[in-house]
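One-letter residues, chain by chain:
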Amino acid sequence: MQKHGLDGKVVLIGGGAKNLGGLLARDLTRHGAAAVAIHYNSDATREAAEQTLVEVKALGGEGAIFQADLTRAANVTQLFDDVVDRFGKLDIAINTTGMVLKKPMLEIGEDEYDAMFNINAKCAFFFLKEAGRVLEDHGKIVTLVTSLLGAYTPFYSTYAGAKAPVEHFTRAASKEFGERGISVTAVGPGPMDTPFFYGQEAEDAVAFHKSAAALSGFSKTGLTDIEDIVPLIRHLVTDGWWMTGQTLLSNGGYTTK
Ligand SMILES: NC(=O)c1ccc[n+]([C@@H]2O[C@H](COP(=O)([O-])OP(=O)(O)OC[C@H]3O[C@@H](n4cnc5c(N)ncnc54)[C@H](OP(=O)(O)O)[C@@H]3O)[C@@H](O)[C@H]2O)c1
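The rules behind the values
- Residues numbered from 1 in each chain as written.
- Predicted model: local features only at pLDDT ≥ 70, side-chain atom pairs only at ≥ 80, totals over all residues.
- Heavy atoms only, no water.
- Near = heavy atom within 4 Å.
- Polar contact = N/O pair within 3.5 Å; in protein donor to acceptor, adjacent residues only side chain to side chain.
- Areas by Shrake-Rupley, 256 points an atom, 1.4 Å probe, with all protein chains shown as cover.
- 1 Å grid on protein atoms, 1.4 Å probe; cavity = no way out; pocket = protein on both sides within 12 Å on 5 of 7 lines; lining within 4 Å.
- Sits in = over half its atoms within 2 Å of the grid points.
- Helix = DSSP H or I, 4+ residues; strand = E, 2+ residues; numbered from the N terminus.
- Nonpolar A, V, L, I, M, F, W, Y, C, P; charged D, E, K, R; others polar.
- Buried < 20%, exposed > 50% of the residue type's maximum accessible area, 1.4 Å probe, protein only.
- Contact = heavy atoms within 4.5 Å.
- Phe/Tyr/Trp six-rings, centres within 6.5 Å; stacked < 30°, edge-to-face > 60°.
- Points joined across faces, edges and corners; volume = space filled by probe spheres on them.
- Pairing = 2+ DSSP bridges.
- Axes fitted to C-alpha atoms, helices over the stretch in contact; angles between N-to-C directions.

A.B. asks: Any details on the site of the ligand? Residues and values, ideally.
C.D. replies: Residues in contact with the ligand amount to 28 residues; listed here are only the nearest, K18, S42, Y159, M192 and T194. The side chain of K18 places a nitrogen or oxygen atom 2.8 Å from an oxygen atom of the ligand. Measuring from an oxygen atom of the ligand, one finds a side-chain N or O atom of Y159 at 2.7 Å. When isolated, the ligand has an accessible area of 880 Å², and the protein chains bury 92% of it. Its atoms largely coinciding with the cavity grid, the ligand occupies the largest pocket. Mapped onto the shell around the ligand, the elements with two or more residues apiece are α1 (19-30), β2 (35-40), α5 (157-177) and α6 (195-198). Residue composition of the shell around the ligand, grouped by class: 13 nonpolar, twelve polar and three charged.

A.B. asks: Give me the lowdown on the side chain of T185, citing residues and values where you can.
C.D. replies: Among the structural elements, T185 can be located in strand β6 (residues 183-189). What makes T185 buried here is its relative accessible area of 2%. Apart from the residues within four sequence positions on either side, T185 is in contact with I141, V142, T143, T170, L236, M243, T244, G245 and Q246.

A.B. asks: I'd like a rundown of the packing of aromatic side chains, residues and numbers included.
C.D. replies: Counted according to the given criterion, the structure contains seven aromatic pairs. Here the aromatic rings of F125 and F169 are separated by 5.2 Å at their centres, their planes lie at 80°, and the arrangement is edge-to-face. You can see F125 sitting in helix α4 (residues 110-134) and its partner F169 sitting in helix α5, a full 44 residues away along the chain. With centroids separated by 5.1 Å and ring planes inclined at 70°, the aromatic side chains of F197 and Y198 adopt a geometry described as edge-to-face. The exposure class of F197 is buried, given its relative accessible area of 7%.

A.B. asks: Residue-level account of the layout of surface pockets, with values.
C.D. replies: Space inside the largest pocket adds up to approximately 960 Å³. In this structure, the largest pocket is lined by 42 residues; those nearest its centre are T96, T97, G98, M99 and F196. Residue classes in the lining of the largest pocket are distributed as 20 nonpolar, 18 polar and four charged.

A.B. asks: Now, about the sheet that holds strand β7 (residues 247-250): what can you tell me, with residues and values included?
C.D. replies: The sheet built from seven strands is open, its strands ordered β3-β2-β1-β4-β5-β6-β7 with parallel pairing. Edge positions in the open sheet fall to β3 (62-67) and β7, since each of these has one partner strand only. Strand-to-strand twist across the sheet, computed as the mean angle between neighbouring axes with direction ignored, equals 15°. As paired elements, strand β5 (residues 140-144) and β6 share five bridges and run parallel to each other. Each bridged residue has a counterpart across the sheet, and for L144 the counterpart in β6 is V187. In the packing of α4 onto the sheet, the strands contacted are β1 (10-14), β4 (92-95), β5 and β6, and the crossing angle to β4 comes to about 180°. Helix-sheet contacts for helix α8 (residues 226-236) involve β4, β5, β6 and β7, and the interaxial angle to β6 is about 170°.

Okay, here's the thing in structure tokens:
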């Protein structure tokens, strides 16, 4: 088995049923991953998880679906244990889970603050911790953050604010797990053409975002297309292993840092 190739590798995708995570599941299978563990959370997403599993199998891969609310540390531990029980090992762990809120600070309540930090920061921390516990040597970990980490903007205080700690979790994890050859990175896409984005944005804001990147005129939607993020993540979990401890913004020139 190649050290950095996908051949023979077992991949867990947190939020692997649909949108970016679903495309990653299919893409990594197409490029040779042996098995993909497809995680989902909501009942409403179960059908998408089942459909992604069908597609993974049609592409010749093995797969299984796992339900878990990852805002509880015990559930994250259970998920990683279940995946290793099912496939015998884990080589690559990608966390695409997240929740967005676009709202003025003066209107944000404690419950919203807690929900945002539980999924975007706490879940990411324990996902990294459990990956560090169970991943094979030379494993790879990627967490999804946001290009808003490079922006100076109102209304995304809890979203960008709760993704920001992941940059430091990534640095620490890459140092701590590096002695086993494990690479750890964070990827921050620009606004992506998925329901996740449209759910929080008014029409004028969508129009702004569609023209805000240097390369907007050349993408399919004007936004960041998930098809343009997947190859970067595929690279990071294979031949791009030398890139570790970094947060990479991939957004067609929307924000920089
Ligand atoms: N779309 C954008 O504009 C954009 C831009 C930059 C970065 N991102 C980031 O990219 C990632 C993927 O986004 P996407 O556009 O592909 O949207 P998405 O499919 O809606 O991804 C969000 C995922 O988070 C999962 N999730 C939510 N609450 C959870 C919980 N309590 N426990 C476990 N999982 C939970 C959702 O699962 P269920 O649906 O099953 O609950 C879903 O799979 C996210 O981390 C997001 O922050 C998105």
